[in-house]
Amino acid sequence: MAAFEYEALDAAGKRTKGLLSADSEAAARKELRRRRLAPLSVARASDRSESGVLKALFRPKGLSEDDLAGVTRQLATLIDAGMPIEEAVGLIGGQADKAPVERVLMGVREKVTEGERLSEAMAAYPDSFPGVYRAMVAAGEGAGGLGRVLDRLAEYLEKAGALKRRVGAALIYPSVLGAVALLVVCVLLVAIVPKIAEQFDTMNMTLPLLTRVMITLSNGLQASWPVLLLLLLGAGLAYAVAIRRDPVKRAVQSTQLGMPGLGGFARKVEAARFARTMAILINAGAVLPEALRASRRASDNLPFQDMMSSVIDKVETGKGLADALRQARWFPPLMVYMVAAGERSGRLAEMFERAAEHMEADVDGAITVGLSLLEPGIIIAMAVVVVGIVLSILLPILQLNTAAL
């Protein structure tokens, strides 16, 4: 049975939307009439594409990261319990609280019913199921351990979601602090500095350089703040569009990798993701070259993808994985050593899992340190700005007092 989205009128003439399962569009309309609904439109759920004209700027409705983690956990539980994939997907979709989640899952169920594998059915919704996710599901299907792979995927997604929520919660206070400090500075420049500058204009004196700079900034902010606001919005929009072009994205990411501190952190993040993905795929029975390709697709970092392409080429020509990773000069020595030990002992998946845990702990520690330094950094930066404004006001007064003496 296929999944159909519908829009209909109830007995009171009120529009209602929903999703139902039927063998055909005619059967779906018949079912709506049986429910005393007048169908206005009926369409297959799988016919709705997740992409659109505004995809570059706005995320299309589908499974969010939290939704995906929840769906994966439920699928792992039901499939491990022996429920057929079609029934498991349909059961989760039918009980979904969110309409986009129901739409996506019922569309996947329809394709599975038609004979497609789960990973192939998910490919129709790439914005809900990332490429590496589908690769892991495909590996689990091929090795006959789909439930185990989904369980590991759910654990990985839940950990990543918990880390993002922790970082988001930790950023709330510094963000509010920075916004308030910026507001205070703008009020000082727009409301306070001009009034004091009027007093100085009546005096025949040469103002200090700092005072002249602050008055110029104040006048410029008062006269052109709408233009500045539009320029900032335009620059943000232009960046959001340009960063989706590979040459621009590669240039930005390469610059970030070359920055002290930030570059090392970005390398740790990519190394941790690579190790975790490899552990899941190899445990699922994926062969090494395919696991490496899937791990390459798991990253959004183009320099990392370029490096992984070189690693894959070396492995496919017979070089050991540890040697290829060492020559890449991206991964930490301890991780390379653990991969080499895994190759020698035949426990490569276990070593990748241990390396992932170690690297994720490093990333978590780096985030904790960075967040703990962010708040005092904002306070110091804003204090310097406020002190500069205060000094620009006090220096002419001190200059007048000195001249009077």
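Given the structure is predicted, the values throughout are model-derived calculations rather than measurements.

A. Examining the pattern of salt bridges more closely. In total, this model carries 13 salt bridges according to the counting rule given. Salt-bridge contacts for R152 lead to E353; the nearest nitrogen and oxygen are separated by 3.5 Å. Here R152, found in helix α7 (residues 146–201), pairs with E353, found in helix α15 (residues 348–404); they are 201 residues apart in sequence, far enough to count as distant. The exposure class of E353 is partly exposed, given its relative accessible area of 23%. A salt bridge links E270 to R273, with the nearest nitrogen and oxygen atoms 3.1 Å apart. Note that E270 and R273 are positioned in helix α10 (residues 262–283) at a spacing of 3 residues, about one turn of the helix.

B. Expanded view of the nonpolar core. Residues F129, F274, F331 and F352 are the most contacted members of the largest nonpolar core, which totals 73 residues. Apart from residues no more than four positions distant in its own chain, F274 is found in contact with L292, S295, F304, M308, L325, F331, M335 and F352. One finds V193, L207, M214 and I393 within the second-largest nonpolar core, a separate group that totals 9 residues.

C. The packing of helix α12 (residues 302–316) against helix α13 (residues 321–328), seen in detail. Contact geometry for α12 and α13: axes closest at 9 Å, N-to-C directions at 145°. Here the hand of the crossing between α12 and α13 comes out right-handed. For the pair formed by α12 and α13, the contact residues are M307, V311, K314 and V315 on the first element and L321, A324, L325, Q327 and A328 on the second. Of the residues that constitute the contact of α12 with α13, the class distribution is 7 nonpolar, 1 polar and 1 charged.

D. Structural detail: the packing of aromatic side chains. Applying the stated criterion across every chain, the model contains 6 aromatic pairs. Plain terms: the ring middles of F304 and F331 are 6.2 Å apart, the flat faces sit at 75° to each other, and that makes the pair edge-to-face. Of this pair, F304 sits in helix α12 while F331 sits in the loop between α13 and α14 (333–345), and the two are 27 residues apart along the sequence. The same class applies to F304 and to F331, which are both buried. Aromatic ring contacts, followed pair by pair, group F274, F304, W330, F331 and F352 into a single cluster. Across the ring face of W330, the terminal group of R267 is positioned such that the distance to the ring centre comes to 4.6 Å.

E. View of the confidence of the model for the protein. Averaged over the protein, the pLDDT score is 79; the fraction of residues at 70 or greater is 89%. Throughout residues 49–60 the model reports pLDDT below 50, and contacts reaching past four residues in sequence, or to other chains, amount to 18 contacts.

F. Geometry of unusual backbone geometry. The phi dihedral of R329 is positive, around 55°, even though this residue is not glycine. Mapped onto the fold, R329 is located in the loop between α13 and α14. Here R329 falls in the exposed class, since its relative accessible area comes to 74%.

G. Layout of the environment of A43. Counting through the fold element by element, A43 comes out in strand β3 (residues 38–44). C-alpha separation for the pair A43 and E7, spaced 36 residues apart in sequence, amounts to 9.3 Å.

H. Representation of helix α4 (residues 99–113). Between its terminal C-alpha atoms α4 stretches 21 Å, which fits the 21 Å expected from 15 residues at 1.5 Å a residue. Counting buried positions along α4 yields 12 of 15 residues, so the element is predominantly enclosed. Restricting attention to buried positions, one finds in α4 the residues V101, E102, R103, V104, L105, M106, G107, V108, R109, E110, K111 and V112. G115 occupies a position one or two residues after α4 and carries a positive phi of about 110°.

The rules we used
Residues numbered from 1 in each chain as written. Predicted model: local features only at pLDDT ≥ 70, side-chain atom pairs only at ≥ 80, totals over all residues. Heavy atoms only, no water. Salt bridge = Lys/Arg side-chain N within 4 Å of Asp/Glu carboxyl O. Helix = DSSP H or I, 4+ residues; strand = E, 2+ residues; numbered from the N terminus. Buried < 20%, exposed > 50% of the residue type's maximum accessible area, 1.4 Å probe, protein only. Core = buried A, V, L, I, M, F, W, Y, C linked by side-chain atoms within 4.5 Å. Contact = heavy atoms within 4.5 Å. Axes fitted to C-alpha atoms, helices over the stretch in contact; angles between N-to-C directions. Left-handed = near helix turned anticlockwise from the far one by under 90°. Nonpolar A, V, L, I, M, F, W, Y, C, P; charged D, E, K, R; others polar. Phe/Tyr/Trp six-rings, centres within 6.5 Å; stacked < 30°, edge-to-face > 60°. Lys NZ or Arg CZ within 6 Å of the ring centre and 35° of its normal. pLDDT = per-residue confidence, 0-100. Expected span 1.5 Å × (residues − 1).

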